[in-house]
Amino acid sequence: MKWAKRIAPLLLAGVMVFSLAACGEESEEEVSEAEETALEEISDKESEAIEKAEEKESEKVSEAEEKASEYAEEAETAKTTAEADKDAEKEAKEAGVVEEAEDKESEAVEKAEEKAVAEAADEVEKAEEEEQHIEEKEEKAETSENK
């Protein structure tokens, strides 16, 4: 009986190992088929998700490139406008310098005319004074001859 007590657990252990080995193989095959189906479904879904993500990314890249192109055009336009403004400002400064020079020239001409008129008036006044003086001398001379 001592041997029977030792052999019985060994036999039971062998049966359990055999049953586990048999069950494990069948379940692996069943799980393998289920796993393959699930993996295929997951793979298909992943492929679809990847394709959608790539399409969205491609669209976003295209949109970004379009915006970048628009910004580049706007920057070029702004640059051209700034250059035109700079040229216009330069021309305005030059025109201002010309206008300023013309204003100074006209002021100088006016001053010269005023000076010439004043000098002419002085000369006329002197001439009148001399004429009066001469007339006075002539009158004195005539009065002295008449005496």
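Residues numbered from 1 in each chain as written. Predicted model: local features only at pLDDT ≥ 70, side-chain atom pairs only at ≥ 80, totals over all residues. Heavy atoms only, no water.

Structural notes on the overall build of the protein
Each helix and strand in the protein was counted, giving one helix and zero strands. Of all 147 residues assigned to the protein, the portion counted as buried reaches 0%. For the protein, the computed accessible surface area is about 13900 Å², with 54% contributed by carbon and sulfur atoms. (Helix = DSSP H or I, 4+ residues; strand = E, 2+ residues; numbered from the N terminus. Buried < 20%, exposed > 50% of the residue type's maximum accessible area, 1.4 Å probe, protein only. Areas by Shrake-Rupley, 256 points an atom, 1.4 Å probe, with all protein chains shown as cover.)

A few points about the pattern of salt bridges
Side-chain pairs of opposite charge can arise whenever the charged atoms involved come near each other. Under the criterion given, the structure shown has one salt bridge. One salt bridge connects Glu-100 with Lys-104, and the closest N-O pair in it is separated by 3.5 Å. Placement of both Glu-100 and Lys-104 in helix 1 (residues 2-146) is noted, with a separation of four residues, approximately one turn of the helix. According to the relative accessible area criterion, Glu-100 is partly exposed, its value standing at 45%. (Salt bridge = Lys/Arg side-chain N within 4 Å of Asp/Glu carboxyl O.)

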